[in-house]
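Structure at a glance
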Amino acid sequence: MTVGGTVKKTPVAILAASILLTACGGGAKPDPSSSSSTTTSAPAPTVSVSPTTAGPTVDPNIPAAARAHTPAGAAAFVKYFHDQLNVAWGKPQAGLLAVLSLPVCKTCTALEGSAAKNVITHQHVSGDSVRIDSADPGSTEANGDQSVIITGAQLKTSVVDSNGHKVRDIPAAKIRSIATTRWTASGWRMSEIQVLK
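Conventions adopted
Residues numbered from 1 in each chain as written. Predicted model: local features only at pLDDT ≥ 70, side-chain atom pairs only at ≥ 80, totals over all residues. Heavy atoms only, no water. Core = buried A, V, L, I, M, F, W, Y, C linked by side-chain atoms within 4.5 Å. Buried < 20%, exposed > 50% of the residue type's maximum accessible area, 1.4 Å probe, protein only. Helix = DSSP H or I, 4+ residues; strand = E, 2+ residues; numbered from the N terminus. Contact = heavy atoms within 4.5 Å. Phe/Tyr/Trp six-rings, centres within 6.5 Å; stacked < 30°, edge-to-face > 60°. pLDDT = per-residue confidence, 0-100. Salt bridge = Lys/Arg side-chain N within 4 Å of Asp/Glu carboxyl O. Pairing = 2+ DSSP bridges. Axes fitted to C-alpha atoms, helices over the stretch in contact; angles between N-to-C directions. Expected span 1.5 Å × (residues − 1). Disulfide = S-S within 2.5 Å.

1. A few points about the nonpolar core
- Of all hydrophobic cores here, the largest spans 31 residues; its most connected members are F77, F81, W89, L100 and M190.
- Of all the secondary structure elements, the ones that give two or more residues to this core are α2 (71-90), α3 (106-121), β3 (130-140), β4 (146-154), β7 (173-184) and β8 (187-196).
- The element contributing the most residues to this core is α2, with nine residues.
- Leaving out residues up to four positions away in the same chain, F77 has contacts with I62, A66, L100, T181, W188, R189 and M190.

Shown next as C-alpha cells:
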C-alpha cells in the first residue's frame, strides 16, 4: 500500500527504531533485511509483558471520538495511542499500550516492552517522546482495517534515572508513518505501524 510515498515494510517503525534503541536502550530489533540506518545502539534485552500482568484489558479513558467506528474515529484512536506512549515512557508505566494494541503489532509490543523495562530500571523519558502533528484517515481495507497516515516528530529529550540524572539523549527526528487499526469487540486496536519513506 502506498499513500503519498513508499511504505517501507519493516516491523519496526521510526518510533521503535530510533526512539527505542537510542532512548531506552533497546526493546526491538530491526529487521535484518532492512536497509534502515536509523539505529546505531546495540539492542538491550526485551521485557515481555503478558496480558495477565499488563493490567486491565480495556482502557476506560479512550476519548469518545476515538471510540467511533469510523475512519475519523480510527485517526483519533491513533492520536490517543501516541498520547499514551508519552505517558507510558514519561511516568514510566507498563500496560498502557498493551490494551490499545493487538499481539500482531510488533512495534507496539516493542514500545510496551520498553515502558515495562523502564519501570524495572527506574528510568523514564523526561518530557514527551513524540508529537503528532497530523493523523489522517487513509484507505479502508477489505477486512475493515483502517489505515491512518501519521506525521509528527520524535522530540529531543533525555532518559533519566530516578534521581533525575541523564542516562542518554533522545535525538530529534521526523515521524512519517502509517498506522493500521482494526475494529474489535472492544473498539479500535493498533495492528501495525510502518515507516513511510
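2. Some words on the packing of aromatic side chains
- Here the structure, examined in full by the defined rule, presents one aromatic pair.
- Judged by centre distance (5.2 Å) and plane angle (80°), the ring pair of W183 and W188 falls under edge-to-face.
- Look at W188 and you get buried, because its relative accessible area is 3%.

3. Here we look at the confidence of the model for the protein chain
- On average, the protein chain scores 80 in pLDDT, and the residues at 70 or more come to 72%.
- Averaged pLDDT values over the elements of the protein chain bottom out at 42 in helix α1 (residues 14-23) and peak at 98 in α2.
- Here residues 1-55 is a poorly scored stretch, pLDDT under 50, and it has 127 contacts once near neighbours within four places are set aside; other chains count.

4. Some points on the pattern of salt bridges
- Counted according to the given criterion, the structure contains three salt bridges.
- Close ionic contact of D145 with R182 constitutes a salt bridge, the shortest N to O distance being 2.9 Å. One end of the pair, D145, is in the loop between β3 and β4; the other, R182, is in strand β7, with 37 residues separating them in the sequence.
- Owing to a relative accessible area of 31%, R182 belongs among the partly exposed residues under this scheme.
- Of the charged contacts in the structure, one is a salt bridge between D169 and K166, with a shortest N-O distance of 3.1 Å.

5. Quick look at the sheet that holds strand β2 (residues 123-126)
- What the three strands build is an open sheet, ordered β2-β5-β6; its pairing is antiparallel. In the strand order of this sheet, the two ends are held by β2 and β6 (166-170), each with one partner. Recorded for the sheet is a direction-independent mean angle of 25° between the axes of neighbouring strands.
- Relative to β6, strand β5 (residues 157-161) runs antiparallel, the two being bridged by four bridges. Residue pairing for β6: T157 is matched across the bridge by I170.

6. Digging into α3
- The first and last C-alpha atoms of α3 sit 22 Å apart over 16 residues, in line with the 22 Å expected at 1.5 Å per residue.
- For α3, the set of buried residues is T107, C108, A110, L111, E112, G113, S114, A115, A116, K117 and N118.
- Immediately downstream of α3, the backbone of H122 shows phi near 60°, a positive value.

7. Considerations on the state of the cysteines
- In this structure the tally under the stated criterion is one disulfide.
- Each disulfide pairs two cysteine sulfurs, and for C105 the partner residue is C108, the sulfurs being separated by 2.2 Å. Because the torsion about its S-S bond is 60°, the bridge between C105 and C108 counts as right-handed. Per residue, the accessibility class of C105 equals that of C108, and both read buried.

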